[in-house]
Amino acid sequence: MNTRVFILFALLMLSGCGDGTSSGKSETEGSWKKLPDEITPINELPSIFQEGLTPEQKADLLKKIMPTGDDNLTPEERFLKLRQDADAGDAEAQNALGALFYSGEAISKDATGKVMDYDLEAAAGWFYRAAEQGHPGAQFNLGLLYAEGQGVPQDAAKAVEWFTKAAEQGNVDAQNNLGVMNLVGEGVPKDVNKAVEWFEKAAAQGNEDAKENLKAIRAARN
């Protein structure tokens with residue numbers, strides 16, 4: 001049974017990542033997303049994405065995964081604008097900036113000036129700002145950080161709290177995660193009926209993980 005969905009919702013980074021549809025990316029048997037080991041400047045692609053691509057293909061892919069817009073800005077200028085928008089309180093920019101710090105595409109330095117591979121605390125801070133404004137993707141992301149203890153103390157109850165806020169707005173991955181947490185009693189009392197309710201909400205939106213989870217529950221009841 002799939003137990004977590006790890007995809008980060010960076011609406012200004014990737015096209016087609018709506019809050020009401022599943023990304024289709026998940027890990028099974030309790031495994032989680034592994035953070036990158038390399039430092040990736042904001043105007044470059046992580047090495048894993050570059051393998052086998054021509055320079056033209058790399059340029060086209062970089063254009064697709066960077067914050068989009070017909071603004072004639074360089075990637076660096078676009079990142080600075082994203083930071084300005086986030087500082088000004090734009091929730092989508094805050095969520096996207098959090099994803100950049102999480103993935104290591106936004107470079108941070110520690111107190112000694114050493115470049116960090118990624119900055120989970122900064123990511124959590126930006127997700128929190130957006131989540132407080134009601135951004136469902138950021139609420140999901142923050143819930144995921146609490147579930148894993150990444151950038152914040154591990155706290156299953158807080159993970160449930162933020163997943164619930166996102167799920168109630170239709171975030172399908174949060175709905176599936178809540179189903180799992182209710183099913184196993186993580187952060188909430190074990191409640192199979194409530195788990196089924198959340199799985200059914202996610203399955204109704206086409207989430208394949210939730211559909212499989214429902215099948216497993218129904219098979220166990222027969």
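Our subject is the structure that appears above.
From a predicted model like this one, the values you see are computed outputs, not experimental measurements.

**Q** Help me out: how do you make sense of the packing of helix H6 (residues 136–148) against helix H7 (residues 156–168) in this one?
**A** Pairs of packed helices are described in terms of their axes, by the angle between the two and the distance that separates them. One can describe the packing of H6 onto H7 by two numbers: an axis separation of 8 Å at closest approach and a directional angle of 165°. Taken together, the axes of H6 and H7 lie roughly antiparallel to each other. When the axes of H6 and H7 are compared, the crossing they make is left-handed. Touching Pro136, Gln139, Phe140, Leu142, Gly143, Leu144, Tyr146 and Ala147 of H6 are Lys158, Ala159, Trp162, Phe163, Lys165 and Ala166, all from H7.

**Q** What should I look at first to understand the side chain of Asp119 in this one?
**A** When you line up the elements, Asp119 lands in the loop between strand S2 (115–116) and helix H5 (120–132). One buried charge, Asp119, has no salt-bridge partner; the nearest side chain with opposite charge is Arg83, at 8.7 Å.

**Q** Even after reading the chapter, I still don't get the packing of helix H8 (residues 172–184) against helix H9 (residues 192–204), so can you show me in this structure?
**A** In contact at an axis separation of 8 Å, H8 and H9 are set at 160° when each is read in the N-to-C sense. As judged from the angle between their axes, H8 and H9 are roughly antiparallel. In the crossing of H8 with H9, the sense of the turn from one axis to the other is left-handed. In this structure, H8 uses Val172, Gln175, Asn176, Leu178, Gly179, Val180, Asn182 and Leu183 to contact H9, whose residues at the interface are Val192, Lys194, Ala195, Trp198, Phe199, Lys201 and Ala202. For the contact of H8 with H9, the residue count by class is nine nonpolar, four polar and two charged.

**Q** What is the right way to look at the side chain of Asn171 in this model?
**A** Here Asn171 is to be found in the loop between H7 and H8. Since its relative accessible area comes to 0%, Asn171 is described here as buried. At a separation of 3.2 Å, a polar atom in the side chain of Asn171 contacts the main-chain amide nitrogen of Asp173.

**Q** Any chance you could explain the nonpolar core here in plain terms?
**A** Across soluble globular proteins, nonpolar side chains have a tendency to be buried as a group. Formed by 37 residues in total, the largest nonpolar core has its most connected members in Leu97 and Phe163. Elements supplying a minimum of two residues to this core: helix H3 (75–87), helix H4 (91–103), H5, H6, H7 and H8. Setting aside residues no more than four positions away along its own chain, Leu97 makes contact with Phe79, Leu82, Arg83, Ala86 and Trp126. With 11 residues, the next largest nonpolar core counts Val172, Val180, Leu183 and Leu214 among its residues.

Quick notes on the rules
- Residues numbered from 1 in each chain as written.
- Predicted model: local features only at pLDDT ≥ 70, side-chain atom pairs only at ≥ 80, totals over all residues.
- Heavy atoms only, no water.
- Axes fitted to C-alpha atoms, helices over the stretch in contact; angles between N-to-C directions.
- Helix = DSSP H or I, 4+ residues; strand = E, 2+ residues; numbered from the N terminus.
- Parallel < 35°, antiparallel > 145°, perpendicular 65-115°, else oblique.
- Left-handed = near helix turned anticlockwise from the far one by under 90°.
- Contact = heavy atoms within 4.5 Å.
- Buried < 20%, exposed > 50% of the residue type's maximum accessible area, 1.4 Å probe, protein only.
- Lys, Arg positive; Asp, Glu negative; His and termini not counted.
- Salt bridge = Lys/Arg side-chain N within 4 Å of Asp/Glu carboxyl O.
- Nonpolar A, V, L, I, M, F, W, Y, C, P; charged D, E, K, R; others polar.
- Polar contact = N/O pair within 3.5 Å; in protein donor to acceptor, adjacent residues only side chain to side chain.
- Core = buried A, V, L, I, M, F, W, Y, C linked by side-chain atoms within 4.5 Å.

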